[in-house]
Amino acid sequence: MFFSSGAAPCSISARAASGSRNGPGPNGGAIFSASSIAWCATLSAEGYYAYRCMPHAALGMVGLIQVGEPGAPDPAIADGLPGKGKTRMQELVVEAQGQ
């Protein structure tokens, strides 16, 4: 995937949205983080990956990436997100569960 924030650098981090949070990949842990104007990441393991813009997560700048045909994402992935970020992630999880 390719991210571009336009003209200003942006900090983004991602983590798995299913399983434990103890290791890399869809079954846990931090997957990537970056601070730049544009960057790429490869997600090769099937699963859901939640990401957020670090300075704007409270405004709802979060997302959920589906790789392959995994089961439902873990609703707990929204836990700990601030403000509108938590609400938006909960909406994305519900949407993914309905697929």
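Preceding this section is the structure that the text describes.
For clarity, every value in this text was computed on a predicted model and none was experimentally measured.

About the thresholds
- Residues numbered from 1 in each chain as written.
- Predicted model: local features only at pLDDT ≥ 70, side-chain atom pairs only at ≥ 80, totals over all residues.
- Heavy atoms only, no water.
- Salt bridge = Lys/Arg side-chain N within 4 Å of Asp/Glu carboxyl O.
- Helix = DSSP H or I, 4+ residues; strand = E, 2+ residues; numbered from the N terminus.
- Buried < 20%, exposed > 50% of the residue type's maximum accessible area, 1.4 Å probe, protein only.
- Contact = heavy atoms within 4.5 Å.
- Polar contact = N/O pair within 3.5 Å; in protein donor to acceptor, adjacent residues only side chain to side chain.
- Core = buried A, V, L, I, M, F, W, Y, C linked by side-chain atoms within 4.5 Å.

Participant: Hey, could you run me through the pattern of salt bridges in this one?
Facilitator: By the definition in use, this model includes one salt bridge. Here R88 and E91 are joined by a salt bridge, their closest N and O atoms 3.2 Å apart. One end of the pair is R88 and the other is E91, both in helix α1 (residues 83–97) and three residues apart, which spans about a single turn.

Participant: For this particular structure, what's the right way to read the environment of Q66?
Facilitator: You can see Q66 is positioned in strand β6 (residues 62–67). Residue Q66 is classed as partly exposed on the basis of its relative accessible area, which comes to 31%. When the C-alpha positions of Q66 and A96 are compared, they lie 8.4 Å apart, and in sequence the two are 30 residues distant. Residues within four places of Q66 in sequence aside, it is in contact with G47, Y48 and Q99. Here the side chain of Q66 touches G68 through a polar contact of 2.9 Å, landing on its backbone oxygen.

Participant: I tried to follow the nonpolar core on my own but got confused; where do I start?
Facilitator: Soluble globular proteins tend to bury their nonpolar side chains together. Membership of the largest hydrophobic core is limited to twelve residues, which are Y48, A50, A57, V62, L64, I77, A78, L81, M89, L92, V93 and A96. For this core, the elements supplying multiple residues, two or more each, are β5 (47–53), β6 and α1. In terms of residues, this core owes the most to one element, α1, which gives four residues. Aside from chain neighbours lying at most four places away, what touches A57 is R52, V62, P82, K84 and G85.

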